[in-house]
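Examining the three-dimensional arrangement
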Amino acid sequence: MSVKRPSRPQVRSKNAPAKQSPRFAELARPLLYALGIAVLTIGLYEIVERTWLVGADMEVLHALHRVRDITTSLVVAAVFGWRIIRISPGFLPVSLPEDEEWSNGTRRTELERTKIYAQWFIAMRWIAVVVAALLVFISVKVLRWLPAEVWWPLACTVAVLGASNILYNFLIRWDRGAPAMLLFQGYVDLAILTVLLHFSGGLENPLSAIMLFHVIIGGILLSRGQCYGIAAVGTLLFALMAWGEWSDVVEHYTLQLYPHFHEAGHTFHPAHHSLFAISLSVLQTAILFLTAYFVTTLSERMRYNERRLEAMADRATADRQLLERALETTDTGLRVLDRDLQPYWASKRWDEWFVARKEATCPACDVLNQNDSPARQCLQDGQVQVTELELDPAACPSKMSESRCGQRTFQITTAPLVDLSGQMSKVVELAQDITQQKQTQAQMMRAGKLAAVGELAGQVAHEVNNPIAILGAKARLLLSDHRHEMSPKIAQELGKITDLADRVARIAQGLLSYCRPSGATRVALNLCVPVRKSLAMVEQRAKTAGVRIEDLLPDRMANVKANANEMEQIFLNLFLNSLDAMPKGGWLKVTALQDSVQLSDRKPALAVVVEDTGDGIADSVRDRIFEPFFTTKQEGQGTGLGLSICLGLVRSHGGEIEVETKVWQGTRVTVKLPLHAPTGKDVNDNG
């Protein structure tokens with residue numbers, strides 16, 4: 001089962017606009033629906049009235065007309081308001097969705113939040129426009145609770161509310177004005193509400209309590225000081241309206257819904273009574289400021305808790321990122337499974353190693369999800385499981401870097417994860433790439449084998465070299481002194497003995513050269529001389545094989561301290577190997593590098609490069625080319641000691657050998673030798 005993370009919503013860019021407030025095109029369709037419903041309702045009523053209500057009492061008809069008008073208005077307002085709510089931003093959309101915000105480290109800025117609040121205000125104000133228009137129409141035209149003379153002032157005030165909303169919709173796009181937009185909207189709304197209250201009964205209108213909503217919204221969305229400012233402005237406007245109506249500075253309009261006393265043909269209005277006006281103003285002030293206090297106190301506590309939650313979320317995100325970086329730095333993958341062995345969490349490195357390979361068809365990856373997988377066994381017996389998993393390079397996905405592909409070995413440790421109550425709740429799998437460790441172990445094993453071969457070589461040289469030399473010498477002596485006494489067949493067999501004895505002697509001498517440091521004299525040497533001598537030795541063979549030799553060595557090179565004969569042996573072996581790799585002809589090029597060449601210990605060096613266009617060396621045997629007795633040549637054509645002897649001689653001179661090869665493209669061997677620091681005792685041997 002592949003480890004698959006839950007899908008996440010797309011990350012919104014920092015400057016991407018939040019959900020916009022309702023546009024006129026979006027409002028046109030519900031308005032047309034509402035008007036269509038109104039026309040249909042009125043049309044059906046007219047049909048009913050002209051068919052079944054002919055001759056009915058006029059008072060009954062007037063009552064039915066009022067019911068028709070109220071019903072139609074309510075339907076229009078409900079449809080229009082419902083559509084506005086559907087296309088408007090949600091109330092207080094402070095944060096992004098959880099997966100998007102905390103997983104991606106993205107959070108809305110203060111400017112974005114302010115814009116969303118302002119857009120929500122705009123959406124709610126459209127509903128206020130519809131409700132206000134509905135109330136004005138019903139109160140003036142249908143129920144006649146207000147005098148007809150206030151129709152146009154109220155209609156114009158509602159129109160101003162709608163026009164201001166259109167203006168806000170344009171101003172909200174200006175980023176610099178967004179922070180002040182909320183406060184400005186609150187003040188303007190209070191002024192418009194005061195005008196509406198004045199023309200609809202003034203102090204006698206119970207809808208004066210709507211000012212509380214402005215204070216509540218201000219306490220939630222604005223700071224404490226700004227909320228108190230909203231309460232103060234609301235109190236001031238209400239007090240001015242009360243004083244104006246009490247002192248007859250402005251006219252008081254009667255709201256028939258409010259009970260009035262009639263005496264001697266004169267109507268008593270409570271708004272003209274000083275005690276009523278003062279007490280209502282004081283009560284309004286107390287309510288507004290107490291509301292501001294309680295709402296801002298609760299809002300500040302909520303903001304404090306929100307900041308704490310954000311800090312905790314930031315800390316959790318930082319800890320998770322730190323864990324991811326630590327796992328990536330240590331080249332470790334981690335996966336957590338629940339009791340159903342479903343992926344609960346996985347690091348990026350785990351996904352890269354196993355999930356991406358699984359999608360690229362990796363049979364070995366299925367081992368982690370089989371019925372007898374280590375995780376399932378750990379879940380059953382509660383024991384820690386340690387397994388090794390080898391992945392084939394063929395399963396490497398195309399998106400993975402080439403350096404991370406190839407044959408890789410992983411050590412997977414599976415352990416139970418217990419909760420605070422001691423119950424095993426999950427299983428954790430820790431994967432470590434031990435490919436390098438495996439390669440190092442293999443190299444150490446090969447090094448141990450080479451050391452054993454070296455020790456054996458010393459013993460073989462002593463035990464075999466002298467007897468073989470005596471046998472060879474005796475065979476030659478018999479051939480030189482007693483050939484006339486032998487038959488031709490015996491002489492032929494003695495010749496084979498001498499040839500084989502010489503071959504055994506060469507092998508023994510090669511083993512001695514490999515396992516023991518050379519004691520030959522080393523002098524300041526120009527490598528051009530031994531390299532070109534070696535080239536001269538293979539020149540005729542190269543012509544026969546159709547190989548073209550390209551000598552690009554300069555006549556003078558920096559000196560190295562070396563033995564000329566050993567250098568000839570090194571390069572002769574390299575040249576012969578190159579010729580063996582080009583049986584059908586090719587190029588053999590020899591160059592020298594003198595500038596900016598360094599050994600692994602950063603000492604300056606001289607490099608001689610031998611390149612050929614032969615068959616190359618397969619990756620499967622490349623690591624074994626320096627092993628003694630290892631050869632890819634046919635039996636009898638090589639001893640497998642050539643490169644081993646070269647490596648031993650170069651190392652005895654403090655140098656290094658580097659091999660670069662590609663199958664069917666050729667091989668490049670670089671011999672690096674440390675530069676010679678001349679002294680007065682040096683003997684120069686430059687040919």
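These figures come from a predicted structure and were not determined experimentally.

All right, on to the packing of aromatic side chains then. Scanning all chains against the criterion turns up six aromatic pairs. Seen in terms of ring centroids, Y228 and F289 are 6.2 Å apart; in terms of plane orientation they differ by 25 degrees. Their pairing is stacked. Taken together, the residues Y228 in helix α8 (residues 224-246) and F289 in helix α9 (residues 274-329) connect sequence positions 61 residues apart. On the basis of relative accessibility, which here comes to 30%, the residue F289 falls in the partly exposed class.

What follows concerns the confidence of the model for the protein chain. Taken as a whole, the protein chain shows an average pLDDT of 77; of its residues, 73% reach a score of 70 or greater. Looking across the protein chain, the model is least confident in helix α3 (residues 98-104), with a mean pLDDT of 45, and most confident in strand β12 (residues 605-612), with 94. A low-confidence stretch, residues 1-24 stays under pLDDT 50, and its non-local contacts, those more than four residues away or across chains, total 63 contacts. For the stretch residues 91-105, pLDDT sits under 50, and the model shows 38 contacts to residues farther than four places along the chain or on other chains.

Glancing now at the packing of helix α7 (residues 211-221) against α9. Contact geometry of α7 with α9 gives a least axis separation of 8 Å together with a crossing angle of 25 degrees. By the angle between their directions, the pair α7 and α9 is classed as roughly parallel. You can see that α7 and α9 cross each other, and the crossing is right-handed. Contact residues: α7 offers M211, L212, V215, I216, G219, I220 and L221, while α9 offers Q284, I287, L288, T291, A292, V295, T296, S299 and R303.

Taken as a whole, the second largest pocket encloses approximately 900 Å³ of empty space. Forming the boundary of the second largest pocket are 32 residues, of which V131, A132, L135, L193 and I210 lie nearest the centre. Going through the elements one at a time, α4 (110-142), α5 (151-171), α6 (178-199) and α7 are the ones with two or more residues in the lining of the second largest pocket. When residues of the lining of the second largest pocket are assigned to their parent elements, the largest contribution, 12 residues, is made by α4. For the lining of the second largest pocket, the residue count by class is 26 nonpolar, four polar and two charged.

Glancing now at the side chain of D612. Summarising the element assignment, D612 is placed in strand β12. At 3.0 Å, the side chain of D612 forms a polar contact with the side chain of S578. At 2.9 Å, the side chain of D612 and the backbone nitrogen of G614 are in polar contact. If sequence neighbours within four positions are ignored, D612 has contacts with S578, M582, W587, L588, Q665, G666 and T667.

So, how was this worked out
- Residues numbered from 1 in each chain as written.
- Predicted model: local features only at pLDDT ≥ 70, side-chain atom pairs only at ≥ 80, totals over all residues.
- Heavy atoms only, no water.
- Phe/Tyr/Trp six-rings, centres within 6.5 Å; stacked < 30°, edge-to-face > 60°.
- Helix = DSSP H or I, 4+ residues; strand = E, 2+ residues; numbered from the N terminus.
- Buried < 20%, exposed > 50% of the residue type's maximum accessible area, 1.4 Å probe, protein only.
- pLDDT = per-residue confidence, 0-100.
- Contact = heavy atoms within 4.5 Å.
- Axes fitted to C-alpha atoms, helices over the stretch in contact; angles between N-to-C directions.
- Parallel < 35°, antiparallel > 145°, perpendicular 65-115°, else oblique.
- Left-handed = near helix turned anticlockwise from the far one by under 90°.
- 1 Å grid on protein atoms, 1.4 Å probe; cavity = no way out; pocket = protein on both sides within 12 Å on 5 of 7 lines; lining within 4 Å.
- Points joined across faces, edges and corners; volume = space filled by probe spheres on them.
- Nonpolar A, V, L, I, M, F, W, Y, C, P; charged D, E, K, R; others polar.
- Polar contact = N/O pair within 3.5 Å; in protein donor to acceptor, adjacent residues only side chain to side chain.

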